[in-house]
Every structure is written in C-alpha cells, then in structure tokens.
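Reading the structure
Chain by chain, the residues run as shown.
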Amino acid sequence: MNPREELARLAVEVRAHAEWQMETGATGSGEGDPRSTVAGTSTNATTTTTTNANTTATTTANTNTNTTAPSNATTRLRLVELADEVRRCTKCGLHSARTQTVFARGSTDAELCFVGEGPGADEDRQGFPFVGKAGQLLDRMIAAMGFARDDVYVCNIVKCRPPDNRKPEPDEMAACKPYLREQLELVAPKVIVALGATAVEGLIGMSGGITRLRGQWKLYRTIPVMPTFHPAYLLRNPAAKREVWDDLQAVMKQLGRSVPPAGRSA
Ligand code: SF4
C-alpha cells in the first residue's frame, strides 16, 4: 500500500470511528488511540483474557490458542486450500442456488473474529462476507473498536446464500460446520463475536433469542464468544446500537485494549 492509499484508508477509519461514536453516544477515544493496548505486552493481554474468560464464562479455559496454532505460512496455505474445497462443495442443498461461495475476509492472524449467519445477495454476488449495508455498519463497528477493516477475520456459519435470505436449516449448518471449525482452528482468534441468534446457534448450539443471550460471555471450545445483535438488525433498530457498543467494549476489555468512556445519554 503506497502512502496515499494508507492516508486514504486512515481517513476512512477516522470517519467511520466518528460516525459510530455519534450513533452510539460514545464519547472520546479514551487515552489516545483506542487501538493502543492497556496490557502493553502480549503476555499481560493473554493473562487478562484468561482471567476474564474464567470469570465470565464460568469455565476454565486457556484462551491463548495462538501458541499452538500452525505457522502463518502453513495457516494461509491451508485456508486457501479450504476456500477451494468450499468453492467445489455440494454437501447441502444451498449449493444449487449460489452464484459463488463466500468464505471469509480479513486477516488470518486476527485476534478478533466476527461470525455471521450466511451470505446475502451482495455477498453472493461479490464473494465476500459483509459487503452490503450491514457490512458497512460492521466496518464502522470495527473501526470504532480501533481496528482497521482487515485486521479482523470475518466469516459466516454457512458459505452459500440461503434462498430469499431465509435462515439456514439445521442440516445445512451441520453440513457446513466442519469448514467453520477448521477456519477457527487455523486463525485461532482470542475472541469471537457472534452476530445474531443464528451465529450463536451455529457456533455453540444455543438457541433462545439474541436479546436474552447478548452481552453474556459464552465459550466456543477454548475461545470466549460474545453474542450480540446482527448489523442487519441494527439497520432496522438503530436504538440497539448502544447495547452492541456495550458488548464491543466488553470485547475490547477482554482483548486488553483501552475502552472509550461510557456513552452519554441521548
Ligand atoms: Fe457446502 Fe456449506 Fe455451501 Fe452447503 S453451505 S454447499 S455445506 S459450502
């Protein structure tokens, strides 16, 4: 990326950050840039993550899964192979109506992963997750947390678009789950944000409504999971952005990142 492109990217990030803060009522950016870490070192950050996971998910878990992850080159290579397997996949009925499969976007070294339900029309057309209006809102959420768009890893429970944007059926989620499982093993994020009820159900098998589940730490294997509302829901219910911002601040804390001051009331 040349300096001009880098500058343009930073300008987009700053604007997205400001827009999200205006929408949620969050003020300032803490002590300087929100992407600066509180813990300062990876060792401390890991300790914070482990402690928080233990207290909030009431499960003993060493969340530093990166220590056992394959090397970066091996990871990337396997993810490319996996995306190719997905491209040729016909394991469930969703393959018949897809334009193309939608595997993932973002960094394969990411400490934070967002998991959604499945591709919509824009994603099916472009081949990347979260590229429509809901995706633009997700990008603002990511920027407000102090990450560049491609610092995080974004994927879905199913890799092919369900017709008419319906919820994927249990057998479709089950057929696609091995791909997600391997993606998460390879990327080995420190925290997963589950976007919407179907993502929570597909990841950890819990149903019961996202309104009840959101904001409470869960566990996917050894990785803490924060359930929150799907950005598409936020487009229809903008008032829920404040609750999502609460959830994202908890995620930042879990990652050892500085948290902007609490939002002012509207
Ligand atoms: Fe295969 Fe998943 Fe697509 Fe079904 S949704 S055809 S399991 S890639």
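Rules used throughout
- Residues numbered from 1 in each chain as written.
- Predicted model: local features only at pLDDT ≥ 70, side-chain atom pairs only at ≥ 80, totals over all residues.
- Pairing = 2+ DSSP bridges.
- Helix = DSSP H or I, 4+ residues; strand = E, 2+ residues; numbered from the N terminus.
- Axes fitted to C-alpha atoms, helices over the stretch in contact; angles between N-to-C directions.
- Contact = placed C-beta atoms within 7 Å.
- Buried ≥ 20, exposed ≤ 12 C-beta atoms within 10 Å, placed from the backbone.
- Core = buried A, V, L, I, M, F, W, Y, C linked by C-beta atoms within 7 Å.
- Expected span 1.5 Å × (residues − 1).

Turning our attention to the sheet that holds strand 3 (residues 153–156). Paired through their backbone hydrogen bonds, the strands of a sheet run either parallel or antiparallel. Taken together, 6 strands build an open sheet; the order of strands is 1-3-2-4-6-5 and the sheet is mixed. Two strands lie at the open edges of the sheet, namely strand 1 (104–106) and strand 5 (218–220), each paired on one side alone. Neighbour-to-neighbour, the strand axes of the sheet open up by a mean angle of 25 degrees, direction not taken into account. The sheet strands contacting helix 7 (residues 197–204) are strand 2 (112–116), strand 4 (191–195), strand 5 and strand 6 (223–228), and the helix crosses strand 4 at an angle near 130 degrees.

Okay, unusual backbone geometry next. We note that A188 has phi near 50 degrees; this positive angle belongs to a residue other than glycine. Within the element layout of this structure, A188 appears in the loop between helix 6 (170–187) and strand 4. Note on A188: 24 C-beta atoms within 10 Å, which makes it buried. At R221, a residue that is not glycine, the phi angle is positive and equals roughly 55 degrees. Considering the arrangement of structural elements, one finds R221 in the loop between strand 5 and strand 6. For R221, a count of 14 C-beta atoms within 10 Å translates into the label partly exposed.

The biggest cluster of nonpolar side chains holds 59 residues, and the ones touching the most others in it are C113, V115, V152, A194 and V251. It is helix 5 (residues 133–144) that provides the largest number of residues to this core, a total of 7 residues. The residues touching A194, leaving out its near neighbours within four places in the chain, are V115, A199, V200, L203, V225, M226 and P227.

Spanning 12 residues, helix 5 covers 17 Å between terminal C-alpha atoms, matching the ideal 16 Å at 1.5 Å per step. For helix 5, the tally of buried residues reaches 10 of 12 residues, placing the bulk of the element in the interior. Within helix 5, the full set of buried residues consists of A134, G135, L137, L138, D139, R140, M141, I142, A143 and A144. Directly beyond the C-terminal end of helix 5, a positive phi value near 95 degrees is found at G146.

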